[in-house]
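What follows is the residue order along each chain.
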Amino acid sequence: MDAIILQVLNGLDKGSAYALIALGLTLIFGTLGVVNFAHGALFMIGAFCAVTLSRILTLSHTIIDDTKTDFLGNPLKVEVPYIYDIFGQATGDVIIDWAVPLSILFSIPVMVAIGFAMERGLIKHFYKRPHADQILVTFGLAIVLQEIIKYFYGANPIPTPAPAAFTGSFDFGAMLGFDPNTIIYPYWRLVYFAFSAIIIGAVFAFLQFTTFGMVVRAGMADRETVGLLGINIDKRFTIMFGIAAAVAGLAGVMYAPINSPNYHMGMDFLVLSFVVVVVGGMGSLSGAVLAGFLLGILESFASMGAVLEVLPGINQIIIYLVAIIILLTRPRGLMGRKGVMEE
Amino acid sequence: MFGLTKKDTTLLIIVAVLAIFAPFILNPFPEGSAMAQFNAGYPDLMQRLVIFGIFAIGFNILFGLTGYLSFGHAAFLGVGSYAAIWMMKLLTMNVIPAIMISVIVAGLFSLLVGWISLRRSGIYFSILTLAFAQMSYSLAYSVLTPITGGETGLQPKVDDPRILDGALQSGQTPRANLFGLEMGTSYEMVVGNWVFTFNAGYYIAAIVMLLAFYLSIRIFRSPFGMMLRAVKSNQQRLNYTGLNSKPYTLAAFVISGMYAGLAGGLLVAMDTQVGAERMFWTASGEVVLMTILGGAGTLIGPVLGAGFIKYMENIVSKINKSILEQWFAFMPDGMEDFFITIVYPFIGKGWHLTLGLMFMMVVIFLPGGLVQGGQKIAGLFRGKKASDDAADGKTTPAE
Amino acid sequence: MSNSKLTRRGLIKTGAVAGAAGLTLPTYLRADGHAGFTNAPTGDTVTLGFNVPQSGPYADEGADELRAYELAVEHLNGGGDGGMMNTFSSKALKGNGILGKKVEYVTGDTQTKSDAARASARSMIEKDGAVMITGGSSSGVAVAVQALCQEAGVIFMAGLTHSNDTTGKDRKANGFRHFFNSYMSGAALAPVLAANYGTDRKAYHLTADYNWGYTTEEAVKSSTEAMGWETVAAVKTPLTQTDFSSYIAPVLQSGADTLVLNHYGGNMVNSLTNAVQFGLRDKQVNGKDFQIIVPLYSRLMAKGAGANVKGIFGSTNWHWSLQDEGSQAFVKSFGTKYGFPPSQAAHTCYVQALLYADAVERAGSFNPCAVVEALEDFEFDGMGNGKTLYRGDDHQCFKDVLVVKGKENPTSEFDLLEIVEVTPVAQVTYEPDHPQFAGGNLGTCNPGA
């Protein structure tokens, strides 16, 4: 029983990451009708926003420490962050420690700006082009973005820890009356789950309850008619692209402490997030979220030792197997709309 | 000729001439010159160019004609490769049975995958094929290790059974051959500073490629091809006329799967090794990119796209800093450093960046792929009359 | 041909004439028929092929390998301070290239894919005339390229490859490995673990689901079980896994008090980070502190896991803080040239390049068969791992293995590991037909041509 509760928790956590990325992808599919292969790259850039901010915060000048030596036997150069000079060491350390949460504020304008630039500069010209061309150009863009990051940050993962306050894990087991230590869960992952829930809720609320959202939803359903009504739908779509980029970026920022960011993490997520979106059904935001959680939970169950003993290798293929079964039983995924990208 | 129109015959002949003289065409620079770095006329790359050409031609039969975008074609290539290497390990190092079995096994596997995946269309179809390919890759890399060799892949070994072959002489390694003619056999022709390499394996692969290309022209021009185009332009209307399009699309899927298997078998024949990465989604994505880059739906486009990508991968990635220093050595010091700094991010380990930029440039400026670029250049030479041709090429991409 | 206005037709014609005149030679993989082996160097230079990952997850490791090779070439050609050539026990190398021929090199990108690695190696052999291929950062690539070199008749000096298979079931006469392997990791780690954590432990293995993971799991399992540990479970994780939470969460429930992460590269960084996140190391199980072990450490990768490596045991082939003469000389010349200390990948690649050059000098020929003979059962010292033997039975180097621990108070970003013990070579030596290495056949050396 405790094992199952634990994997549900895991699944929710994994699922929230999938759902968040898939949500951004669906926003772009649904509103703009563009297959965006660069979405994974946006997620990656989000994570590197966190890396960049913590680099900025730890910008240092060097002082020579004569008492120690470096690997060549020369006096050791010690890096002292400028922030120590400004706020003193204690406050400086706290600020550096909180780099990841601070990056949320830092990343939103960066990601929205990147989103706008992408839409205005590139994607705009591809609305009327075949999906194949969209794939090629966004895939090319993804490679370029990823190589730029590699050029500046190298290929190795870069540790980006969460604030010290969030280290350690919460003991659900003790709370629910199981033995202590049976169901533990890291605080930061709980934060990630809560954060995703808030973002997902905010996007839904925005689309559901604001006039802007109403127009966009109308545009998703019938772009031409909305245009004929004299509404400038193009401008709103640009804003939607910015929002989608920000959602992907935020998912990346918060993910940085879970897995150290590296330049190809976007590609690792890209295929998976496409599967999630399609299983959820094209053009359906709630479908994407639902599919994200469903696949996250099933993946967690498949990784249990007891399951693997019966079905070796099931953890390798579970997501794809489920995707096939769902697509064969439900022609347009879980909640897909008719006629969206079925051509 | 061969039941082709005059235009198609010309195209086939051009391709044949290019294939036959590839050792010259791809080696335009003399040995030892600074530009020799760009020579591609060595057996491995020539073989890969035609083999991936076959792969892309086959993919184009499905994607270019029916519009069904498969994101899992690398699985058929991989399955074909595994079948071929097992044939070599168990039966004989002769490439004929290996290639035959690879086509058959890939055909059967694509029949299964196609039969299931073609129940859906559009992106749902793409994801189904992707799912099958990713499952094949993951299983081949891990739990199927006893059959596939997993991470380390499969290679022929000295102590494999090879029941049809005689025992190896001591000190010999098993080598792929065609009735005794080893795939690695090369003739070198030295002309002044130029060295041209004629490789047996390459010419065998090139002949297969020409046959595959010829077959693809016939398919494009046949009533069957017409039916596939109808599926692309409006499947619904086709169904309303009482025609069941499924058998046609399935046939196209299986044919393109067999092409992929053929490419897989040839890869093994030329370089006796299989690894599971061959089936990873990036490999499936690569053939999609080759086809679109060259010009989807055109006859020659996919071959050009395949050549382009493989050339970049093999040539640009090998340029390193010391080669750059040689190139720019004639410049004054400051300028030399400046140029090296500018160019360095795009070569060697940065070859992906160049590739990504090329993808973007081609698709932005040449919506019809490299074929359209060719048409534009031809148009420049032929003046006004040709600009009509280019326009024509745009409106009927299924040319 | 001095005719500068050569048309293609003209070229073919001359070619035909040249062919008739007997200038067209039948060759295998551009071998020089007269010298009797593939790519025999004819001029006053010799070309080596450095095939390292330049894209993909191991690109930084590949970049470090390439730096080491460039340094080795510099030293072989008599440049720099000579590095390990001064401390190497064999004095055959004189700093005038190899056999008096200046060393040149070509580079390629393995992409850490066996297909790409073979394509790159073949282009070096066929196009650039490389007489030796070296490098790589994974066992899949090492085995694939080794098989190719055997077939083509050139020498392969493996880079970083840790799986038993490279010199076990997939060993080849033309291939040589200086790096240590899974078995040695297990044999070196077990006594240190027993000394630090006791002989009564329950271990939980998470294993990367591919060949290297299997051999490492087997090696660590058998050597820890031999000293009394119990293996509670061994769960396989997919190579493409990035989030290991669902594999780590059940560890505590199993009653295990030790977690062994048979992961490398990105997998290792992520699984270790996740395990520490789950607070495993703060827990007490069976009355003992919970411990995590990483059998194969790489400093470059440990950097990616940041503070999470502190206090965690593992093994490594070499570390720059070693105090012997050879290591010091290498660290000094590498550090002076590039400004930071070399990684273990750089070390093994540098040593391999030197060992090859030395073998050629001693053999007096570039002929692969002569080189194989010179390297087989060759004993040397002064290359950083103490007295070392290149065993002839399987072409594996036998030398001391380092057991290391993540450092508690690093003084710099390179100072991540501290050496706990230098395990003497006798303790990690095994029979050539040891069950973990069974099924291989070196065959005989192939000079090509």
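Each value, and the rule that gives it
Residues numbered from 1 in each chain as written. Chains lettered and ligands numbered in written order. Predicted model: local features only at pLDDT ≥ 70, side-chain atom pairs only at ≥ 80, totals over all residues. Helix = DSSP H or I, 4+ residues; strand = E, 2+ residues; numbered from the N terminus. Buried ≥ 20, exposed ≤ 12 C-beta atoms within 10 Å, placed from the backbone. Contact = placed C-beta atoms within 7 Å. Rg over C-alpha atoms; globule rule 2.2 N^0.38 Å. pLDDT = per-residue confidence, 0-100. Pairing = 2+ DSSP bridges. Axes fitted to C-alpha atoms, helices over the stretch in contact; angles between N-to-C directions. Parallel < 35°, antiparallel > 145°, perpendicular 65-115°, else oblique. Left-handed = near helix turned anticlockwise from the far one by under 90°. Nonpolar A, V, L, I, M, F, W, Y, C, P; charged D, E, K, R; others polar.

(A) Seen up close, the overall build of chain A. A tally of regular secondary structure across chain A gives 14 helices and four strands. Taking the principal axes of the C-alpha coordinates as reference, chain A spans close to 75 × 50 × 35 Å. Among the 343 residues that make up chain A, the fraction classed as buried is 52%. A sequence separation of at least 24 residues applies to 74% of the contacts in chain A between residues at least 6 apart.

(B) Summary view of the overall build of chain B. Helix and strand counts for chain B stand at 17 helices and four strands. For 399 residues, the compact-globule formula gives about 21 Å, and the C-alpha radius of gyration of chain B, at 22 Å, lands near that figure. For chain B, with 399 residues in total, the buried portion stands at 55%. Here the analysis covers contacts within chain B between residues at least 6 apart in sequence; of these, 73% occur between residues at least 24 apart.

(C) Local environment of the interface of chain B and chain C. Facing 46 residues of chain B, the contacting portion of chain C comprises 52 residues. The element contributing the most residues to the side of chain B that touches chain C is strand E3 (residues 185-191) of chain B, with seven residues.

(D) Spotlight on unusual backbone geometry. Residues and elements named next belong to chain C. In this model, Leu99 sits at a positive phi of 50 degrees, which is unusual for a non-glycine residue. With respect to the element layout, Leu99 can be found in the loop between helix H2 (59-76) and strand E3 (102-109). Exposure remark for Leu99: the 16 C-beta atoms within 10 Å place this residue in the partly exposed category. Residues other than glycine seldom take positive phi values, yet Thr112 does so here, at roughly 55 degrees. The residue Thr112 is located in the loop between E3 and helix H3 (114-126) in this model.

(E) How the structure looks around the confidence of the model for chain B. Per-residue confidence for chain B gives a mean pLDDT of 89, with 95% of residues at or over 70. Contacts from residues 385-399 of chain B, a stretch scored under 50 in pLDDT, to residues over four places away or in other chains number 22 contacts.

(F) Quick peek at the pairing of strand E9 (residues 258-262) of chain C. Residues and elements named next belong to chain C. For E9, the buried fraction is high: five of the five residues fall into the buried class. Taking every second residue as pointing to the same face, both faces of E9 are buried, with Thr258, Val260 and Asn262 on one and Leu259 and Leu261 on the other. Bridge analysis of strand E7 (residues 202-208) against E9 gives five bridges, and the strand direction is parallel. Residue pairing for E9: Thr207 is matched across the bridge by Asn262. Bridge analysis of E9 against strand E12 (residues 291-296) gives three bridges, and the strand direction is parallel. Its bridge partner being in E12, Thr258 is matched across the sheet by Gln291.

(G) Just the pairing of strand E17 (residues 401-406) of chain C, in detail. Residue and element names in this part refer to chain C. Extensive coverage of E17 is indicated by the burial of five of its six residues. Where strand E13 (residues 313-316) lies against E17, four bridges are found, and the strand directions are antiparallel. Residue pairing in the sheet places Thr316 in a bridge with Leu402 of E17. Note: E17 against strand E18 (residues 417-423), six bridges, orientation antiparallel. For Val404, the partnering residue across the bridge sits in E18 and is Ile419.

(H) Structural detail: the sheet that holds strand E8 (residues 230-237) of chain C. Residues and elements named next belong to chain C. Across the sheet, seven strands lie side by side as E8-E7-E9-E12-E13-E17-E18; this open sheet has mixed pairing. Each of the sheet's edge strands pairs with one partner strand only, and the pair in question is E8 and E18. Looking at each pair of strands side by side, their axes are set apart by 25 degrees on average, direction ignored.

(I) Structural context of the sheet that holds strand E6 (residues 175-177) of chain C. Residue and element names in this part refer to chain C. The five strands lie next to each other as E3-E2-E4-E5-E6, forming an open sheet whose pairing is parallel. Where the open sheet ends on each side, the last strands, each with one partner, are E3 and E6. Between one strand axis and the next, the sheet turns through 20 degrees on average, direction left out of account. Direction of pairing for strand E5 (residues 155-158) relative to E6: parallel, over a ladder of three bridges. Paired with Phe156 across the bridge in E6 is Gly175.

(J) Spatial organisation of the confidence of the model for chain A. Residue-level pLDDT values for chain A average 88, and 100% of them are 70 or greater. Predicted confidence in chain A is weakest over helix H6 (residues 172-176) of chain A, with a mean pLDDT of 78, and strongest over helix H2 (residues 39-57) of chain A, with 94.

(K) Structural view of the packing of helix H1 (residues 2-32) of chain A against helix H12 (residues 285-302) of chain A. All names here are of chain A. With their axes 6 Å apart at the nearest point, H1 and H12 run at an angle of 150 degrees to one another. With respect to H12, the element H1 is oriented roughly antiparallel. In the packing of H1 onto H12, the handedness of the crossing is right-handed. When its residues are assigned to classes, the contact of H1 with H12 shows 14 nonpolar, nine polar and two charged.

(L) Spatial organisation of the packing of helix H4 (residues 74-90) of chain B against helix H6 (residues 122-141) of chain B. Residues and elements named next belong to chain B. Look at H4 against H6: their axes get within 8 Å of each other, and the N-to-C directions meet at 40 degrees. Accordingly, the angle class assigned to the pair H4 and H6 is oblique. Residues Ala74, Ala75, Gly78 and Val79 of H4 lie in contact with H6, whose contacting residues are Phe132, Ala133, Ser136 and Ala140.

(M) Here's a closer look at the environment of Leu357 of chain B. Note that Leu357 of chain B resides in helix H15 (residues 351-365). Spatially, the C-alpha atom of Leu357 of chain B lies 9.8 Å from that of Phe346 of chain B, the residues being 11 residues apart in sequence. With residues near it in sequence (within four places) discarded, Leu357 of chain B still touches Gly140 and Val144 of chain A.

(N) Representation of the environment of Arg218 of chain B within the structure. Residues and elements named next belong to chain B. Note on placement: Arg218 falls in helix H8 (residues 200-221). In this structure Arg218 comes out as partly exposed when scored by C-beta crowding, with 15 C-beta atoms within 10 Å. Along the primary structure Arg218 and Ser117 are separated by 101 residues, whereas in three dimensions their C-alpha atoms are 26 Å apart.

(O) Broad picture of the environment of Val303 of chain B. Residue and element names in this part refer to chain B. For Val303, the location among the structural elements is in helix H12 (residues 301-315). Val303 gets classed as buried once you count the C-beta atoms within 10 Å, which come to 31. The spacing of Val303 and Met290 is 13 residues in sequence and 7.8 Å in space, taken between C-alpha atoms. When sequence neighbours within four positions are dropped, the list of residues in contact with Val303 reads Gly53, Ala56, Ile57 and Gly294.

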